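# Examining the three-dimensional arrangement
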Amino acid sequence: MSIAESILSIHKELPPGVKLVAVSKFHPLEAIEEALAAGQTAFGENRPQEFEQKVKALEGRGVEWHFIGHLQTNKLKMVLPYACLVHSVDSARLLDAINDWGKKNGRVIPILLELHIAAEETKQGFCEEEILDILFRASSYTGVRFCGLMGMATNTDCEDDIRADFGRIKAFWDYLADLFPELSDWKELSIGMSGDWRIALEYGATIVRIGTAIFGPR
Ligand SMILES: *Cc1c(COP(=O)(O)O)cnc(C)c1O
């Protein structure tokens with residue numbers, strides 16, 4: 001399937017209100033151009049330098065850029081001026097730095113908190129207690145807007161394990177929405193990648209981040 005065909009076929013399966021973020025990391029501008037021509041407007045990148053280069057190369061083309069990767073605090077200015085959503089806030093230190101940057105620049109940066117749900121130790125993210133601790137102090141973070149959670153399921157063929165991971169993040173996301181009704185932007189659950197996005201839809205994904213199934217292998 002071509003890039004355009006893949007995008008159209010995914011969009012056909014997505015329920016209304018679920019956003020497709022096409023993950024274009026490692027792929028050239030021409031691939032993004034092809035996706036744009038097929039009507040895809042939201043793209044995700046995971047490396048600050050590549051993110052900024054692509055943003056600048058496609059300025060004025062109506063692209064909505066999502067940052068989905070690990071972000072070091074010394075690279076904020078490559079990302080925060082341009083990102084419509086930072087999915088991957090994975091430490092208190094990073095959160096504080098983004099909050100400070102937002103305040104200093106007169107901006108409120110939309111973010112998701114990354115919950116560590118996978119079995120792999122290597123994947124980034126907060127545990128539940130850390131997120132609770134942050135959200136109890138949410139009103140003190142005036143430079144960010146808490147928009148929801150992001151998570152990556154265990155990389156496995158075992159569907160039960162993936163379901164357990166997504167079930168856990170969905171339940172926690174609901175719990176937080178009940179506990180903190182004052183968080184009026186708490187609307188996004190960013191789960192699901194090429195191998196598991198159809199399962200993620202069953203667990204209430206509002207954003208799916210799909211790379212390989214659109215652009216091919218990296
Ligand atoms: C690369 C990446 C994706 C897309 O992965 P695919 O398996 O290629 O769809 C999604 N989310 C994050 C955080 C990524 O780094």
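Anything mentioned here points back to the structure above.
First, a word on scope: everything that follows refers to the structure included in this document. (Residues numbered from 1 in each chain as written. Predicted model: local features only at pLDDT ≥ 70, side-chain atom pairs only at ≥ 80, totals over all residues. Heavy atoms only, no water.)

## A few points about helix α5 (residues 92–104)
- Taking 1.5 Å of rise per residue, the 13 residues of α5 would be expected to cover 18 Å, and the 18 Å separating its terminal C-alpha atoms lies within 8% of that figure.
- Of the positions making up α5, those classed as buried are Leu 94, Leu 95, Ala 97, Ile 98, Asn 99, Trp 101 and Gly 102.
- Close packing links the buried residues of α5 with α4 (76–79), β4 (85–89), β5 (109–114), α6 (128–136) and β6 (144–150).
- Positive phi shows up at Gly 106, right after α5, with a value of about 65 degrees. (Helix = DSSP H or I, 4+ residues; strand = E, 2+ residues; numbered from the N terminus. Expected span 1.5 Å × (residues − 1). Buried < 20%, exposed > 50% of the residue type's maximum accessible area, 1.4 Å probe, protein only. Contact = heavy atoms within 4.5 Å.)

## What to know about the environment of Gln 72
- For Gln 72, the position within the fold is in the loop between β3 (64–67) and α4.
- In the structure, Gln 72 is positioned 25 residues away from Arg 47 in sequence and 9.9 Å away in space, judged by C-alpha atoms.

## A closer look at the pattern of salt bridges
- Per the stated rule, a full pass over the model turns up 13 salt bridges.
- For Arg 163, the salt bridge identified is with Glu 159, shortest N-O distance 2.8 Å. One end of the pair is Arg 163 and the other is Glu 159, both in helix α7 (residues 159–179) and four residues apart, which spans about a single turn.
- Of the charged contacts, one joins Lys 170 and Asp 174 as a salt bridge, the two residues approaching to 3.1 Å between their closest N and O atoms. Taken together, the positions of Lys 170 and Asp 174, both in helix α7 and four residues apart, correspond to about one turn of that helix.
- Accessibility expressed as a relative area gives 23% for Lys 170, which makes it partly exposed.
- On the basis of relative accessibility, which here comes to 32%, the residue Asp 174 falls in the partly exposed class.
- A cluster of three or more residues bridged by salt bridges with shared partners is formed by Glu 45, Arg 47, Glu 50 and Lys 54. (Salt bridge = Lys/Arg side-chain N within 4 Å of Asp/Glu carboxyl O.)

## Here's the deal with the side chain of Asn 99
- Structurally, Asn 99 can be placed in helix α5.
- For Asn 99, the side chain forms a polar contact with the main-chain nitrogen of Thr 142, separated by 3.3 Å.
- At 2.6 Å, the side chain of Asn 99 forms a polar contact with the backbone nitrogen of Gly 143.
- In this structure, Asn 99 is in contact with Ser 140, Tyr 141, Thr 142, Gly 143 and Val 144, ignoring residues within four places of it in sequence. (Polar contact = N/O pair within 3.5 Å; in protein donor to acceptor, adjacent residues only side chain to side chain.)

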